[in-house]
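# Results of the structural survey
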Amino acid sequence: MSRIYDALKKLEAEGRKGGTNGSGNGTNGSGGNGHGNGRKGWRPWPFRRGAKDKAAPTTINFELGPEVEEAYQRLGTNLLVSPGQPATDHPKLLGVVASRHGEGATTTAGVFASILVRRRGGRVVVVEGNMRSPSFETAFGVKPAPGLAELIQGQASLTEVAQATSVAKLFAIAAGNCSVQCAALFDSPGLPAAFAQLRENFDFVIVDLPPVNVYGDALIVGPQLDAAIIVIEADATRVPDIERARRTLERCGVRFVGSVLNRQRNYIPAFIEEML
């Protein structure tokens, strides 16, 4: 036991010296779950977090570690390969939603979209449906406008709003400048028309929705999508909040096809975990 204790103390000292600015990530669905680790240099997490503000917009890092890659691949398999379902009959318009702010829905949407690009080789677009706290300018490095608001209102074309990202064949549509209330914008005939254009021109459309327990926008947009994924922050999101979000969306007709357990940490050092 003394050797294990000495090793743990050494590992703790190295962690203090090098910092602990990493967070874990995993997905949880019918195909299993994955997990990451909070110690720097172990299992990389694709989210460059600001040091001061946990919920601050950050740039998405598409360089995934092997365990994160595998976790997202399992999520893709759950979505694309369903028992008894034809290969072509999969959700094409997919929403990504969380119960509250800061759970990583935007990053999950972006990383999962990049996985779909590499897996299917088609054109994929990520749409910023969160008009309340837009972050695509930082997350994807795109212009904040024109965006979804202008597309819905007929003030800009799809070609004008769909911007290229650092990943080939992956596009991003920012929120844009909304001149009316969000509920009025999403409840207008322009939203179904915009989704029809997206469905026709892209192989997959991933919509980043606002937190369902904070705003009612997802209740309007969600039923017009084929399915949704819910994002849960490990060690932070309360189970009643998750259940409330899920029940609320399901009552509105939203179909869930998976979940993401985000920033999951493994507090057991790797050399001890291998012995368990």
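Residues numbered from 1 in each chain as written. Predicted model: local features only at pLDDT ≥ 70, side-chain atom pairs only at ≥ 80, totals over all residues. Heavy atoms only, no water.

### Structural notes on the overall build of the protein
Selection criterion: The helix count covers DSSP runs of H or I at least four residues long, the strand count covers runs of E at least two residues long, and both are numbered beginning at the N terminus. We call two residues in contact whenever any of their non-hydrogen atoms come within 4.5 Å of each other. Only the protein chains shown count as covering a residue, and every accessible area follows the Shrake-Rupley method with a 1.4 Å probe.
When helices and strands are counted, the protein shows eleven helices and nine strands. When contacts within the protein are restricted to residue pairs at least 6 apart in sequence, those whose partners lie at least 24 apart make up 78%. For the protein, the exposed surface amounts to about 13100 Å²; the carbon and sulfur share of it is 51%.

### Examining the pattern of salt bridges
Put simply, the rule is: Criterion for a salt bridge: a side-chain nitrogen of Lys or Arg within 4 Å of a carboxyl oxygen of Asp or Glu. Burial status follows relative accessibility: with a 1.4 Å probe on protein chains alone, a residue under 20% of its type maximum counts as buried, one over 50% as exposed, and anything between as partly exposed.
Following the criterion strictly, the structure yields six salt bridges and no others. For E69, the salt bridge identified is with R118, shortest N-O distance 2.9 Å. Within this pair, whereas E69 is found in helix α2 (residues 66-80), its partner R118 is found in helix α3 (residues 105-120), the two being separated by 49 residues in sequence. Here R118 falls in the partly exposed class, since its relative accessible area comes to 49%. For R199, the salt bridge goes to D226, with nearest N and O atoms at 3.0 Å. Remark: D226 occurs in the loop between α9 (217-221) and β8 (227-233) and R199 occurs in helix α8 (residues 190-201); sequence separation between them is 27 residues. When its relative accessible area of 33% is taken as the criterion, R199 is described as partly exposed. The exposure class assigned to D226 is partly exposed, which follows from its relative accessible area of 25%.

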